[in-house]
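Chain residues, written in single-letter form:
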Amino acid sequence: MFEQGAIRPPNEANSLLVRVTRNCAWNRCHVCPAFKGKKFSRRAVEEVKGDIDEMTRVFPSGTDGPSAAFLQDADSLILPTEELLEIIDHIRKRFPSVRRVTTYARAKTMKRKSVDDLTRLKAVGMTRIHSGMESGSATVLKLIEKGNTPDDILDGGLSVKSSGISLTEYIMPGVGGRANSEEHAAETAAILNRIRPDFIRVRTLAIHPLSPLQQMVEKGTFDPMTDAEIVAEIRRLLNDLDEMPAHFRCGDFSLNLLMDVDGRLDRNKAAILNRIDDYLNLDADQQKAFSLLQRSYPGYRSLSAVEDAELMEKLTTEVRRLEQQEPDGFNKAIRLLMARQLPQPPNGCWPTRGKAPALGASS
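Right, let's walk through the structure included here.

## Some thoughts on the overall build of the protein
No. 1: When helices and strands are counted, the protein shows 13 helices and ten strands.
No. 2: By the compact-globule yardstick of 21 Å for 363 residues, the protein fits well, its C-alpha radius of gyration being 21 Å.
No. 3: Overall, the protein is about 60 × 45 × 40 Å in size when its C-alpha atoms are taken along their principal axes.
No. 4: Per-residue burial over the protein gives 54% buried out of 363 residues.
No. 5: Excluding contacts between residues fewer than 6 apart, the proportion of contacts in the protein whose partners are at least 24 apart in sequence is 78%.
No. 6: Surface exposure of the protein reaches about 15,700 Å², of which carbon and sulfur atoms provide 49%.
No. 7: Charge centroids of the protein, computed over 51 positive and 50 negative side chains, lie 5 Å from each other.

Printed below as a string of structure tokens:
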């Protein structure tokens, strides 16, 4: 009846999902499996409007209809502004209940949109843009083939903020590995302090078994961090962040070890740091036990779990077994448990590096 893409932000679970492009125009990042092997294309406006019309047969279109719409796939702002304006206008005509429209966008795409164009999009209902910066470090961005520079991230973020559209920046602890951890934390915080986004959402690195990053691990050119090291990296980044009116959020992503690290930086920064310190002050056995529990059964969980003697005995026994199984056996097992939460490449493979996908108009 109508197309829908593969991914959306967790907070858009109840939104209309309106697919305006297919897949990802860049699609070369070493950390994202969602669109690998799929060709990018832009959808014609009339085709998208037809999908929206079809949605009225499935979803209520009166005052009790959906309150939000999310434009898919990975970088909807790549469409000309006039086309986006027409699509959003049609959404709001067919679903008068929609009060906000949101989308993903790459930093370079946000940078290429003028503040005037972004302001026009805000005027018709675009209220938030989600962007995966991952890191503020040029070294790390090049390492993972993100296709953006720190200047792209800064300029794009500032343009969105200047337009009055709410901005969510996604960061990826662990993505620089041990060698780049300090630079990754410091330079990511530095750019965030300049952009001052409304939301900073944490997306802890998990390495897909088919990814180039996993090949680098096997060759010894990428040294993955442990859970405890990643938590310490998050603390360094948080310590460097200004107490700005931004929501720092771990609770909407199950790959984050401490999902209850959550709050406004201008109100709760000290409490957030204390929460992280509660974990870092555990002894090594307790940290590993909590990590194994959380990675085996993801979700909100209190650190008080380590106070359960019977549970700790079971977890510690399993930790010891994994450690004795092979060199670095425990950390390898944790990485595998994390990787199992990732989406699979649509075609079951991760294509080797080639030319960036063509920006064709056909599917």
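Following the structure, the description resumes.
## Let's talk about helix α6 (residues 150–163)
No. 1: Spanning 14 residues, α6 covers 20 Å between terminal C-alpha atoms, matching the ideal 20 Å at 1.5 Å per step.
No. 2: Buried within α6 we find D152, I153, L154, G156, G157, S159, V160 and S163.
No. 3: Looking at the buried positions of α6, the neighbouring elements they touch are α3 (107–112), α4 (115–123), β6 (126–134), α5 (138–143), β7 (166–171) and α7 (181–195).
No. 4: Phi turns positive, to about 90°, at G164, one or two residues after α6.

## Describing the pairing of strand β4 (residues 68–72)
No. 1: Most of β4 sits inside the fold, with five of its five residues counted as buried.
No. 2: Residue alternation in β4 divides its side chains into two sets, A68, F70 and Q72 and A69 and L71, and both sets are buried.
No. 3: As judged from the four bridges shared by strand β1 (residues 16–19) and β4, these two strands associate in the parallel manner. Each bridged residue has a counterpart across the sheet, and for L17 the counterpart in β4 is F70.
No. 4: Bridging between β4 and strand β5 (residues 100–104) involves four bridges; their strand directions are parallel. In the sheet register, F70 faces β5, and the bridge partner there is T102.
No. 5: Traced from β4 through helix α2 (residues 81–94) to β5, the parallel crossover comes out right-handed.

## Things to note about the packing of helix α12 (residues 309–325) against helix α13 (residues 329–339)
No. 1: Interaxial distance between α12 and α13 falls to 6 Å at its minimum, and their mutual angle equals 105°. Relative to α13, α12 is oriented roughly perpendicular. Contact residues: V319, L322 and E323 in α12; G329, F330 and A333 in α13.

## Some points on the sheet that holds β6
No. 1: Taken in spatial order, the eight strands of this open sheet run β1-β4-β5-β6-β7-β8-β9-β10, and their pairing is mixed. Only two strands of the sheet have a single neighbouring strand rather than two, namely β1 and β10 (262–264). Each adjacent strand pair in this sheet contributes to an overall mean axis angle of 20°, direction not counted.
No. 2: By the bridge criterion, four bridges tie β7 to strand β8 (residues 199–202) in an arrangement that is parallel. Across the sheet, the residue bridging to T168 is F199, located in β8.
No. 3: Most of the contacts of α2 go to β4, to which it runs at about 145°, and overall it touches β1, β4, β5 and β6.

## Structural notes on the pairing of β8
No. 1: Of the two faces of β8, both are covered, the one formed by F199 and R201 as well as the one formed by I200 and V202.
No. 2: Taken together, β7, α7 and β8 form a β-α-β motif whose crossover is right-handed.
No. 3: As paired strands, β8 and strand β9 (residues 247–249) are joined by three bridges and run parallel to one another. Counted as the bridge partner of F199 is H247 from β9.

## Focus on the nonpolar core
No. 1: Counting residues in each nonpolar core, the largest one holds 79 residues, and the members touching the most others are L71, L241 and F248.
No. 2: Within the second largest apolar cluster, twelve residues are counted, among which are V140, M216, V217 and F222.

About the criteria used
Residues numbered from 1 in each chain as written. Predicted model: local features only at pLDDT ≥ 70, side-chain atom pairs only at ≥ 80, totals over all residues. Heavy atoms only, no water. Helix = DSSP H or I, 4+ residues; strand = E, 2+ residues; numbered from the N terminus. Rg over C-alpha atoms; globule rule 2.2 N^0.38 Å. Buried < 20%, exposed > 50% of the residue type's maximum accessible area, 1.4 Å probe, protein only. Contact = heavy atoms within 4.5 Å. Areas by Shrake-Rupley, 256 points an atom, 1.4 Å probe, with all protein chains shown as cover. Lys, Arg positive; Asp, Glu negative; His and termini not counted. Charge placed at Lys NZ, Arg CZ, Asp CG, Glu CD. Expected span 1.5 Å × (residues − 1). Pairing = 2+ DSSP bridges. Right-handed = clockwise from strand over helix to strand, strands pointing away. Axes fitted to C-alpha atoms, helices over the stretch in contact; angles between N-to-C directions. Parallel < 35°, antiparallel > 145°, perpendicular 65-115°, else oblique. Core = buried A, V, L, I, M, F, W, Y, C linked by side-chain atoms within 4.5 Å.

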